[in-house]
Amino acid sequence: MQILHISDIHFRVQYEAAQEGYASVLYRMTNPLELLDRCLERAFSEHPGIKLLMITGDLCDDGKAEDYEVLRTWLTKNLRGIKMIVTPGNHDRKAEFRSGWLGMKAQGEKEADLPYNEHWSGDELDVLSLDSAVFGESDGCFVQGQADWLAEELKKVGDRPSLLMTHHHLLDAHEGIRAVSCPAEIAQLVKESHVTAVMVRHTHHCFAGYWQRKPYYTADGMSFYGIDEPDGSVRFEEKYGYNYYETKQGLIMASEQRTFSENRELANIIFF
């Protein structure tokens with residue numbers, strides 16, 4: 001099976017004009033749909049057999065329902081009929097996501113903030129999308145009940161191979177960004193399961209390694225790339241890319257990480 005992995009689109013229909021701070025990064029960067037279009041064109045040209053797209057969070061940036069609706073419509077039009085699976089990120093508002101992306105309304109305030117998990121079963125493997133995002137909490141959090149959901153879905157999977165996707169990275173100090181606090185129960189479930197690989201994001205930097213003895217991948221963002229400077233500032237550049245995987249009987253047999261950049265600096269910011 002051929003799989004495309006993208007993340008951190010940070011889409012809005014319109015970005016506010018800003019010359020300072022994080023808002024200036026969003027305002028100065030190229031429209032993510034343009035960058036996404038370039039990536040999809042290249043990926044589909046080089047790998048015409050892609051059957052699944054995984055998006056590991058931050059679909060929109062503090063988005064409204066309209067932003068999610070526009071993004072989903074654009075993706076559906078340009079994905080050539082392939083399956084799409086997503087997980088929310090810390091910049092995604094759950095109520096707006098449920099309304100604009102899923103076309104549903106939450107029944108109350110508590111329901112609006114409930115985790116969004118998804119279990120997809122394909123011919124060769126299953127994909128479990130586990131929500132680690134809490135809006136406004138950059139480091140993320142696996143809220144109460146997430147370990148129970150994962151345990152139940154892994155029981156359903158049984159001996160079939162599966163992929164696990166979530167937004168926040170799980171390796172300590174990866175790219176200098178603190179990892180999500182992962183309950184020991186979730187880590188143990190993954191280690192002892194037939195999960196064959198873990199796909200995450202959040203850092204905007206591609207990476208390949210291992211977590212809980214499983215192949216572990218992050219993909220470049222589809223928006224911007226932060227680099228820590230010696231003076232304590234963060235230099236933001238416009239870099240973007242995607243990951244490509246080939247599986248056989250659920251195992252990752254080949255992977256490719258593509259990064260594109262025109263060395264365009266967006267901002268240099270000191271966060272206090």
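Structure: above.
Fair warning: this is a prediction, and the values are worked out from it, not measured in the lab.

**Quick notes on the overall build of the protein**
Reasoning step 1: Summing up its helical and strand segments, the protein has seven helices and 12 strands in all.
Reasoning step 2: A compact globule built from 272 residues should have a C-alpha radius of gyration of about 19 Å, and the protein, at 18 Å, falls within 12% of that.
Reasoning step 3: Taken over the C-alpha atoms alone, the protein extends approximately 55 × 45 × 40 Å along its principal axes.
Reasoning step 4: Expressed as a percentage of its 272 residues, the buried residues of the protein come to 54%.
Reasoning step 5: Taking the contacts inside the protein whose residues are at least 6 apart along the sequence as the reference set, 69% of them involve residues at least 24 apart.
Reasoning step 6: Put simply, the protein shows about 12,600 Å² of open surface, and 46% of that area lies on carbon and sulfur atoms.
Reasoning step 7: Of the side chains in the protein, 28 bear a positive and 43 a negative charge, and the two mean positions are spaced by 4 Å.

**Focus on the pairing of strand 8 (residues 207-211)**
Reasoning step 1: Pairing analysis gives five bridges linking strand 8 to strand 9 (residues 214-218), with the strands arranged antiparallel. Residue pairing for strand 9: Y210 is matched across the bridge by P215.
Reasoning step 2: What sits between strand 8 and strand 9 in their antiparallel hairpin is a turn of two residues, with Q212 showing a positive phi close to 55 degrees.

**Some details on the nonpolar core**
Reasoning step 1: I6, L36, L53, I55, L71, L75 and W101 are the most contacted members of the largest nonpolar core, which has 32 residues in total.
Reasoning step 2: Elements with a minimum of two residues in this core: strand 1 (2-6), helix 2 (32-46), strand 2 (50-56), helix 3 (65-78), strand 3 (83-87) and strand 11 (234-248).
Reasoning step 3: Ranked by residue count, the leading element in this core is helix 2, at seven residues.
Reasoning step 4: Not counting residues within four places of it along the chain, the set of residues in contact with I6 comprises L36, L53, M54, I55, T56, M222 and Y242.
Reasoning step 5: Judged by nonpolar contacts, the second largest core, of 20 residues, contains L128, L130, L154 and V180.

**Thoughts on the packing of aromatic side chains**
Reasoning step 1: One pass over the structure, following the stated rule, counts nine aromatic pairs.
Reasoning step 2: With centroids separated by 6.3 Å and ring planes inclined at 70 degrees, the aromatic side chains of F207 and Y216 adopt a geometry described as edge-to-face.
Reasoning step 3: Judged by relative accessible area, which is 28%, F207 ranks as partly exposed.
Reasoning step 4: By the ring-pair criterion, three or more aromatic residues cluster together here, those being Y68, F97, W101 and Y116.

**A closer look at helix 2**
Reasoning step 1: For helix 2, which comprises 15 residues, the first-to-last C-alpha distance of 21 Å matches the rise-based estimate of 21 Å (1.5 Å per residue) to within 8%.
Reasoning step 2: Every buried residue of helix 2 is listed here: P32, L33, L35, L36, C39, L40, A43 and F44. Angular distribution of buried residues about the axis of helix 2 spans 150 degrees; they occupy a single face of the element. Of the exposed residues in helix 2, the ones pointing more than 90 degrees away from its buried face are E41 and S45.
Reasoning step 3: Check the buried side of helix 2 and you find it contacts strand 1, strand 2, helix 3, strand 11 and strand 12 (251-269).
Reasoning step 4: Two or three places before L33, at the opening of helix 2, N31 has a side-chain oxygen 2.8 Å from that residue's backbone nitrogen.

**Digging into the layout of surface pockets**
Reasoning step 1: By volume, the largest pocket amounts to about 670 Å³.
Reasoning step 2: Along the wall of the largest pocket there are 24 residues; nearest its centre are S138, I177, H202, F236 and F271.
Reasoning step 3: Elements with a contribution of two residues or more to the lining of the largest pocket: strand 10 (225-228) and strand 11.
Reasoning step 4: Take the lining of the largest pocket: its biggest share by element is three residues, from strand 10.
Reasoning step 5: Of the residues in the lining of the largest pocket, the class split is seven nonpolar, 11 polar and six charged.

**Describing the packing of helix 6 (residues 146-157) against helix 7 (residues 184-192)**
Reasoning step 1: The interhelical angle for the contact between helix 6 and helix 7, taken along N-to-C directions, is 15 degrees, at an axis separation of 9 Å. The orientation of helix 6 relative to helix 7 falls into the category roughly parallel. Between helix 6 and helix 7 lies a crossing of left-handed hand. Contacts between helix 6 and helix 7 pair A147, D148, L150, A151 and L154 from the former with E185, I186, L189 and V190 from the latter.
Reasoning step 2: Partitioned by chemical class, the residues of the contact of helix 6 with helix 7 number seven nonpolar, no polar and two charged.

**Digging into the pairing of strand 2**
Reasoning step 1: Of all the seven residues making up strand 2, six are buried; the element is thus mostly covered by neighbouring parts of the structure.
Reasoning step 2: With five bridges joining them, strand 1 and strand 2 adopt parallel strand pairing. Its bridge partner lying in strand 2, I3 is registered against L52.
Reasoning step 3: Bridge analysis of strand 2 against strand 3 gives five bridges, and the strand direction is parallel. Each residue of the ladder has a partner; that of T56, found in strand 3, is T87.
Reasoning step 4: Since strand 2 and strand 3 lie parallel, the crossover through helix 3 that links them has a hand, and here it is right-handed.

Criteria and thresholds
- Residues numbered from 1 in each chain as written.
- Predicted model: local features only at pLDDT ≥ 70, side-chain atom pairs only at ≥ 80, totals over all residues.
- Heavy atoms only, no water.
- Helix = DSSP H or I, 4+ residues; strand = E, 2+ residues; numbered from the N terminus.
- Rg over C-alpha atoms; globule rule 2.2 N^0.38 Å.
- Buried < 20%, exposed > 50% of the residue type's maximum accessible area, 1.4 Å probe, protein only.
- Contact = heavy atoms within 4.5 Å.
- Areas by Shrake-Rupley, 256 points an atom, 1.4 Å probe, with all protein chains shown as cover.
- Lys, Arg positive; Asp, Glu negative; His and termini not counted.
- Charge placed at Lys NZ, Arg CZ, Asp CG, Glu CD.
- Pairing = 2+ DSSP bridges.
- Core = buried A, V, L, I, M, F, W, Y, C linked by side-chain atoms within 4.5 Å.
- Phe/Tyr/Trp six-rings, centres within 6.5 Å; stacked < 30°, edge-to-face > 60°.
- Expected span 1.5 Å × (residues − 1).
- Arc of directions from axis to C-beta.
- Polar contact = N/O pair within 3.5 Å; in protein donor to acceptor, adjacent residues only side chain to side chain.
- 1 Å grid on protein atoms, 1.4 Å probe; cavity = no way out; pocket = protein on both sides within 12 Å on 5 of 7 lines; lining within 4 Å.
- Points joined across faces, edges and corners; volume = space filled by probe spheres on them.
- Nonpolar A, V, L, I, M, F, W, Y, C, P; charged D, E, K, R; others polar.
- Axes fitted to C-alpha atoms, helices over the stretch in contact; angles between N-to-C directions.
- Parallel < 35°, antiparallel > 145°, perpendicular 65-115°, else oblique.
- Left-handed = near helix turned anticlockwise from the far one by under 90°.
- Right-handed = clockwise from strand over helix to strand, strands pointing away.

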